[in-house]
Each structure stands twice: as structure tokens, then as C-alpha cells.
Amino acid sequence: MELDRERGLGHLTYCTNIHAAEHFDDVMRGLEAHLPRIKAAFCPGAPMGVGIRLAASAAGALRDARAMSRLRDLLAEDFYIF
């Protein structure tokens, strides 16, 4: 499925709340497992928006520079958070 931005159909986004996890490592495993496959299938030639659901403990883990870098590295593969 290619999205037609010229006709105003918007852009593809994916919300990770269906893969809810409490801990940052679990969130990342879910993102790493699902996002690349979904993007390849539905949005291979354009950036893809991602809604990321984070529990308090997972959000708190982003204070650590390594955790933040891990998330940034994944998103650098042509994803953005909306």
C-alpha cells in the first residue's frame, strides 16, 4: 500500500500501544521486532510516524544516555514520533 500524499491521504502511522510493555528493554524489543517489517510492507519509500506508548518506568529509563541513543538509532531508520 503506497500512500498518496498529493491527494491528501496523509501518511502512515503506527501506534505501539498494542505492544504495551512496562520496561524500556521490552519496549525496544517490540519496536525492533515490528517497526522495520511494518515499514517495509506499507511505507518503504517514505518516513513513517510512530506513536510510542511508554509506561513510567520505560520513560524514566530514557534519562540514561545509552537508552536514549538506542531509541534514536532505531528512529533514525526513517521513523519519527508523532
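Residues numbered from 1 in each chain as written. Predicted model: local features only at pLDDT ≥ 70, side-chain atom pairs only at ≥ 80, totals over all residues. Heavy atoms only, no water.

### Some words on the sheet that holds strand S2 (residues 48–51)
Spelled out, the test is: Being paired, for any two strands, means DSSP has found at least two bridges between them. Labels follow the DSSP assignment, with helices taken as runs of H or I lasting at least four residues and strands as runs of E lasting at least two, numbered in each case from the N terminus. A fitted line through C-alpha atoms serves as each axis, taken over the contacting stretch for helices, and the angle formed by two N-to-C directions is quoted from 0 to 180°. Throughout, a residue-residue contact means that at least one pair of heavy atoms, one from each residue, lies within 4.5 Å.
Read across the sheet, 3 strands follow the order S1-S2-S3 without closing on themselves; strand pairing throughout is parallel. Each end of this open sheet is capped by a strand with a single partner; those strands are strand S1 (13–15) and strand S3 (79–81). Shown here is a sheet whose adjacent strand axes are inclined to one another by a mean of 30°, direction ignored. Pairing geometry for S1 and S2, over 3 bridges, is parallel. Paired with Thr13 across the two strands is Gly49, which belongs to S2. Along the sheet, helix H1 (residues 24–42) contacts S1, S2 and S3; its crossing angle with S2, the most-contacted strand, is approximately 145°.

### A few points about the environment of Asn17
Tracing the backbone through its elements, the reader meets Asn17 in the loop between S1 and H1. Spatially, the C-alpha atoms of Asn17 and Val27 are 10.0 Å apart, while their sequence positions differ by 10 residues.

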